[in-house]
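# Understanding the architecture of this molecule
The primary structure of each chain is shown beneath.
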Number of protein chains: 2
Amino acid sequence: MKHTTIKDIARALGISKSTVSRALRDHYDINPETRKLVLDMAAKMNYSPSAQAIAFQHGQTKTIAVIVPEIDNPFFSNCINGVENAAAGTDYLIIINQTRNIERVEVETINRLISMRVDGVIMSLASGTVNLNHIKRLQNLEMPLVLFDRVTDRIDCHKIFNDDFEGAYKATQYLISKGYQNIAHLCGFKNLHISRERLAGYEKALMDAGLKVKPENIIETDFKIREAKIHAKKLLQQPIRPDAIFGVSDHVALGCILAARELNLKIPDDIAVIGFSDLTYAEILNPPLTTIQQPSFEMGKLSFEMIMEQIEQGTQKGTRSVCLKTKLIERGSA
Amino acid sequence: MKHTTIKDIARALGISKSTVSRALRDHYDINPETRKLVLDMAAKMNYSPSAQAIAFQHGQTKTIAVIVPEIDNPFFSNCINGVENAAAGTDYLIIINQTRNIERVEVETINRLISMRVDGVIMSLASGTVNLNHIKRLQNLEMPLVLFDRVTDRIDCHKIFNDDFEGAYKATQYLISKGYQNIAHLCGFKNLHISRERLAGYEKALMDAGLKVKPENIIETDFKIREAKIHAKKLLQQPIRPDAIFGVSDHVALGCILAARELNLKIPDDIAVIGFSDLTYAEILNPPLTTIQQPSFEMGKLSFEMIMEQIEQGTQKGTRSVCLKTKLIERGSA
DNA sequence: AAAATTCACGGGAACGTTCCCGGGAACGTT
DNA sequence: AACGTTCCCGGGAACGTTCCCGTGAATTTT
């Protein structure tokens, strides 16, 4: 890999590298004729400026990192699309990283990004993350940071999340209004803020309707289809079978659908299922999934705007939290 | 954003930056005691080496770029997972870029990656890409390159792809064996190699079975659900309605399912649908989608191994093509 | 015609790191 | 005692770019 430098161009034209630099950047103090000469030569020599050298120079990489737990999850890829959409037109590059919900990977990724001197980090926490020192390290370095969706209250920074409590409340209330009485909840790991919020919303809705919160109807699970399926089967094989399940995410709801199918239970007659996210395929599923829609694209967009705000203003005075409203999408599974 | 440098550490300890550098890299010519002093101070000062400066030094960024048309497509995200899985354990960072099938974005992305001095590029072409000069530019710079899935025969480089012809042949043959006679094909844009191959496989299977290839049964479409749905409706509203549709991808097949649903046609009784990819949700769809499985994870893994081969050997002598076999997955839609 | 101003360009430092080379101190060998 | 070796460490160049400053030449002003 042989890259031409401004020095090479300068030598080829018998001028100094300063002049070449000026010509390329279209600075003042440059003769239009010289400029043309330089540009032509640059094109001829297949010149491409070294981003490292430039970043090195004025301490900006013009790069923003997005860290998500998993990329093959439509919710997150929609968020990413929102970020990229907002970034298009600016001269910032978005680089995408996934932690696969593993704390160790998250730590390594952040270390790497710090080393890269990324200009900002937009991230959603891994479900496996307990220790938050790596996030605090980011803050010590005064690196612009936006947490979205999977946030935590143990870190004080800019945040964007859904009203998970309200979404869960609406979902549960909807099930109740449809006449379901024995509603179970497959909830996410409790170290995640969203899991706790959704669980709380579920419990509140039950209590407000005068229904009892039964511990045996609440099982903790990973956000994976397979995992959820296993736990859903447990729920459905209890002596007193729940008549509805509220899944903490659409993937978890999918696990319920698969479990019900395997146990020959009809949806929504034998068992109702409701999810959370509204992934792209929810509508085409068998049955179409009733779910809580999250404005994923908007979240991504807002995250980018928030990070740009921090980068441009430099200061981090006062953190801001944005809570977006969710929407119930009625389909066939409940 | 204030980053400490080895110079800062050197000053704090009253030694030279050379010694600090040696201590951090655990080089020879370093006193264990000094080393410990430096490491402790580095930790205390929250030191993180500048990746730019290092890359700048010995011309390697330890970064490999993956370019895909769209990230929110399970086929590609699986490929990415394959790449990342293979990269885990090495000291290479994978950065992910999406072109959203727009040629201009692809060109800009590649320019940016060249500027970044990425060590290698693994990419799948955008469906909108016609001109290939940006790819040739990569080759002129002798940058390691692997094309996967959406390859082209107009570029001579390392390639990994599926046996699209064979996959399409199998899909069509399967439909024929099930008794379908009037099989249509929603094919992809013809500038894509995979589109042409799959079309050819479809045609060959028809001819081998003594069936006629009818031009009115072949419609070109984008790889998007919505687009495909529109074209599928056209197909299904023809005077002589096809009894089966082979979609060039699962998303296209999904479009067919939606179109059929809207026209109140039963699948697979009124119309059979078969896809290509086997996306994660194919099994849970309504109806479960019969499709051709592509080894996406393997493709990603192989791509990474191939790029590493090029990076380590340096030379690009002789390009290699790997063609992976596909597999028919029988489900309910055909 | 001398002075002031403008124009176009070159030289050199700086960014953070590594690597090569040189050198001093301590040690062991003749 | 003189020499060679080993062990540590420091100085400086280099990577590619930008930016500040200096400097002639050309042009305009006094």
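Up top you'll find the structure we're talking about.
Here's a quick rundown of the structure. Keep in mind it's a predicted model, so treat the numbers as computed, not measured.

### Section: the protein's contact with DNA strand D
For DNA strand D, the set of nearby residues contains 26 residues, the closest of which are A:I6, A:Y47, B:S16, B:T19 and B:T34. Sugar and phosphate atoms represent 52% of those atoms of DNA strand D found within 4 Å of the protein. A distance of 2.6 Å separates a phosphate oxygen of DNA strand D from a polar atom in the side chain of A:Y47. Interatomic distance of 3.0 Å between a side-chain N/O atom of B:Q57 and a base nitrogen of DNA strand D. Of all the secondary structure elements, the ones that give two or more residues to the surface near DNA strand D are α1 (6–13), α2 (17–25) and α4 (51–58) of chain A together with α2 (17–25) and α4 (51–58) of chain B. Residue composition of the surface near DNA strand D, grouped by class: nine nonpolar, eleven polar and six charged.

### Brief notes about the nonpolar core
By size, the foremost hydrophobic cluster in this structure holds 62 residues, and its most contacted members are A:L186, A:I245, B:L186 and B:I245. Looking at this core, the elements that each hand over two or more residues are β6 (183–187), α10 (225–236) and α11 (250–262) of chain A together with β6 (183–187), α10 (225–236) and α11 (250–262) of chain B. For A:L186, the contacting residues outside a window of four places in its chain are A:I219, A:T221, A:A228, A:H231, A:A232, A:L235, A:I245, A:F246, A:G247, A:V248, A:V252 and A:C256. By size, the runner-up hydrophobic cluster in this structure holds 52 residues, among which are A:V83, A:Y92, B:V66 and B:M306.

### Quick look at the protein's contact with DNA strand C
In the neighbourhood of DNA strand C, 26 residues make up the surrounding shell, with A:S16, A:T19, A:T34, B:I6 and B:Y47 lying closest. Contacts to DNA strand C include B:R25, whose side-chain N or O atom sits 2.8 Å from a phosphate oxygen. Its residues assigned to classes, the surface near DNA strand C comprises nine nonpolar, eleven polar and six charged.

### Some details on the packing of aromatic side chains
Inspection of the entire model under this criterion finds ten aromatic pairs over all chains. The interplanar angle of 25 degrees and the centroid separation of 6.5 Å between the aromatic rings of A:F165 and A:Y169 together place this pair among those described as stacked. Note that A:F165 and A:Y169 are positioned in helix α8 (residues 164–177) at a spacing of four residues, about one turn of the helix. Residue classification places A:F165 among the partly exposed positions, given a relative accessible area of 30%. Between the aromatic rings of B:F246 and B:F276, the centroid separation amounts to 6.4 Å while the plane-to-plane angle is 40 degrees, which identifies the pairing as tilted. Of the two residues, B:F246 sits in strand β8 (residues 244–247) while B:F276 sits in the loop between β9 (272–274) and β10 (291–293), which places them 30 residues apart along the sequence. Owing to a relative accessible area of 0%, B:F246 belongs among the buried residues under this scheme. Accessibility expressed as a relative area gives 0% for B:F276, which makes it buried. One aromatic cluster is present, formed by A:F75, A:F76 and A:F148 through successive ring pairs. A cation over an aromatic ring shows up here: B:R150 above the ring of B:F223, its NZ or CZ 4.5 Å from the ring centre. Note that B:R198 overlies the ring of B:F276, its terminal NZ or CZ placed 3.8 Å from the centroid.

### Structural notes on the pairing of strand β8 (residues 244–247) of chain A
Residues and elements named next belong to chain A. By the alternation rule, side chains of β8 split into A244 and F246 and I245 and G247, which are all buried. In the sheet, β6 pairs with β8 via four bridges, with the strands oriented parallel. Along β8, the bridge assignment pairs A184 with I245. Two elements, β8 and strand β9 (residues 272–277), share three bridges in a ladder whose sense is parallel. By the bridge assignment for β9, A244 is matched with A272. Read from β8 through α11 to β9, the crossover connection turns out right-handed.

Analysis parameters
- Residues numbered from 1 in each chain as written.
- Chains lettered and ligands numbered in written order.
- Predicted model: local features only at pLDDT ≥ 70, side-chain atom pairs only at ≥ 80, totals over all residues.
- Heavy atoms only, no water.
- Near = heavy atom within 4 Å.
- Polar contact = N/O pair within 3.5 Å; in protein donor to acceptor, adjacent residues only side chain to side chain.
- Helix = DSSP H or I, 4+ residues; strand = E, 2+ residues; numbered from the N terminus.
- Nonpolar A, V, L, I, M, F, W, Y, C, P; charged D, E, K, R; others polar.
- Core = buried A, V, L, I, M, F, W, Y, C linked by side-chain atoms within 4.5 Å.
- Buried < 20%, exposed > 50% of the residue type's maximum accessible area, 1.4 Å probe, protein only.
- Contact = heavy atoms within 4.5 Å.
- Phe/Tyr/Trp six-rings, centres within 6.5 Å; stacked < 30°, edge-to-face > 60°.
- Lys NZ or Arg CZ within 6 Å of the ring centre and 35° of its normal.
- Pairing = 2+ DSSP bridges.
- Right-handed = clockwise from strand over helix to strand, strands pointing away.

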